[in-house]
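# Descriptive analysis of the structure
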Amino acid sequence: MISIKFGIAPCCWGVEFADDSRNPHWTHVLDQCESAGYTGIELGPVGYMPSDVLILGDALASRNLEIVGGVIFQPFHDPDAWSHVLDVSKRTCKILESHGAENLVLIDSISSRRVATVGRENEAETMSSREWKDFKERILTVARLGTEEHGLKVGIHAHVGGYIEFESELERLLAETDPYLLKICLDTGHSVYAGFNPVDFIRRHMSRISYLHFKDVSPVIKAYALASRMNFYDACAQGVFCHLGDGEVDFLGIYEQLISDGYSGWCTVEQDCDPQGNTSPIEDAIYNRRFLNSIGFNQEVLDG
């Protein structure tokens, strides 16, 4: 038996930063998560949901939800921000452990030095050997924190505009790190945005993948965003991340590969949006879950 469970992320309601005044109330997000048929939700940026274990725990239990994991979306590339990154990491790990969550996701956030070359590997600025060494050590410090002190599965997540964006950068980091400490959270949308094939990547690296983010990419909007060198968040507002199944990600191929490889664990749906944009997060969430049902992801426990 293969156990595949589905969660959703607060970014589907436009929640990217805890202090954004445009964010919907966290209970509204939990209500809609439950209504859309998901059994789990990510923590979102630390500070968005209550840090009080009882308050959040009771709210989750009353909706039959659990915390899937949490994301540390921080500038690992910036040595001057390290004390803040480490503080956020410690707080996130503590909250995740207190709720019995499984997954910690590490993302190097968008760099001003890379934002203009999103999706263009041949133009993107690279780190010096020294910068890379220090960057990698900061990632591993948080990976050790999550794995050894809090019992979490820690996965690196490639993200456009950061210093782990392209397949070659992700492959390099994997080759230079211990699989016990650092696994992979594969994001299907960011993979395609950066120009690599998530199905092929899963086939090669299934033993190291601990978690997946399901996201789709509109080829038309992506092409326009790349051609115009559009800011990543502007591209999100324009709908570059579309409904699952409406873009260029091969979800049927991903389904078949995961079943073939016997993957068990969480897959979390993400469709980033503007929190005050012309979207309906609840309708998007329902649509995406129904699409996954239609291609075979129709039960939490699948016959393998």
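For the structure itself, consult the block above.
Residues numbered from 1 in each chain as written. Predicted model: local features only at pLDDT ≥ 70, side-chain atom pairs only at ≥ 80, totals over all residues. Heavy atoms only, no water.

### As for the packing of helix H7 (residues 198-205) against helix H10 (residues 251-261)
- H10 packs onto H7 with a crossing angle of 10° between their chain directions and a minimal axis gap of 9 Å. As the angle between them shows, H7 and H10 are arranged roughly parallel. Contacts between H7 and H10 involve Pro198, Val199, Ile202 and Arg203 from the former and Gly253, Ile254, Gln257, Leu258 and Asp261 from the latter.
- Across the contact of H7 with H10, the residue classes tally to 5 nonpolar, 2 polar and 2 charged. (Axes fitted to C-alpha atoms, helices over the stretch in contact; angles between N-to-C directions. Helix = DSSP H or I, 4+ residues; strand = E, 2+ residues; numbered from the N terminus. Parallel < 35°, antiparallel > 145°, perpendicular 65-115°, else oblique. Contact = heavy atoms within 4.5 Å. Nonpolar A, V, L, I, M, F, W, Y, C, P; charged D, E, K, R; others polar.)

### A look at the nonpolar core
- In terms of nonpolar packing, the biggest core is built from 92 residues, with Leu106, Tyr193, Phe214 and Leu258 touching the most fellow members.
- Counting residues per element, this core draws most heavily on helix H4 (residues 129-150), at 6 residues.
- If you look at the next biggest cluster of nonpolar residues, it comprises 8 residues, including Phe73, Cys185, Tyr211 and Trp266. (Core = buried A, V, L, I, M, F, W, Y, C linked by side-chain atoms within 4.5 Å. Buried < 20%, exposed > 50% of the residue type's maximum accessible area, 1.4 Å probe, protein only.)

### Some words on the pattern of salt bridges
- A full pass over the atoms with the stated rule returns 22 salt bridges.
- In this structure, the salt-bridge partner of Arg22 is Asp20, at a minimum N-O distance of 2.8 Å.
- The exposure class of Arg22 is partly exposed, given its relative accessible area of 34%.
- Salt-bridge contacts for Arg113 lead to Glu125; the nearest nitrogen and oxygen are separated by 2.4 Å. Highlighted residues: Arg113 in the loop between strand S5 (103-108) and H4 and Glu125 in the loop between S5 and H4, separated in sequence by 12 residues.
- Judged by its relative accessible area of 39%, Arg113 is partly exposed.
- Through salt bridges with shared partners, a single network forms among Asp187, Lys215, Glu270 and Asp272. (Salt bridge = Lys/Arg side-chain N within 4 Å of Asp/Glu carboxyl O.)

### Overview of the pairing of strand S9 (residues 265-269)
- Extensive coverage of S9 is indicated by the burial of 5 of its 5 residues.
- As defined by bridge partners, strand S1 (residues 2-8) adjoins S9 across 5 bridges and the pair is classed as parallel. Paired with Phe6 across the strands is Cys267, a residue of S9.
- Two elements, strand S8 (residues 209-214) and S9, share 3 bridges in a ladder whose sense is parallel. (Pairing = 2+ DSSP bridges.)

### Re the packing of aromatic side chains
- Tallied over the full model, the rule gives 11 aromatic pairs.
- Between Phe6 and Phe214, the ring centres sit 6.3 Å apart and the planes meet at 55°, which makes this aromatic pair tilted. Residue Phe6 is located in strand S1, and its partner Phe214 is located in strand S8; the two are separated by 208 residues in the primary sequence.
- Overall, Phe214 belongs to the buried group, its relative accessible area being 0%.
- Ring centres 5.9 Å apart and planes at 75° place the aromatic pair Phe251 and Phe291 in the edge-to-face group. In this pair, Phe251 sits in helix H10 while Phe291 sits in helix H11 (residues 281-294), placing the two residues 40 residues apart along the sequence.
- Here Phe251 falls in the buried class, since its relative accessible area comes to 2%.
- Phe291 sits in the buried class, given a relative accessible area of 19%. (Phe/Tyr/Trp six-rings, centres within 6.5 Å; stacked < 30°, edge-to-face > 60°.)

### Here we look at helix H1 (residues 26-35)
- Along H1, the positions that sit buried rather than exposed are Trp26, Val29, Leu30, Gln32 and Cys33.
- Taken together, the buried residues of H1 touch S1, strand S2 (40-41), helix H2 (53-61) and H11.
- Backbone geometry just after H1 places Gly37 at a positive phi near 95°.

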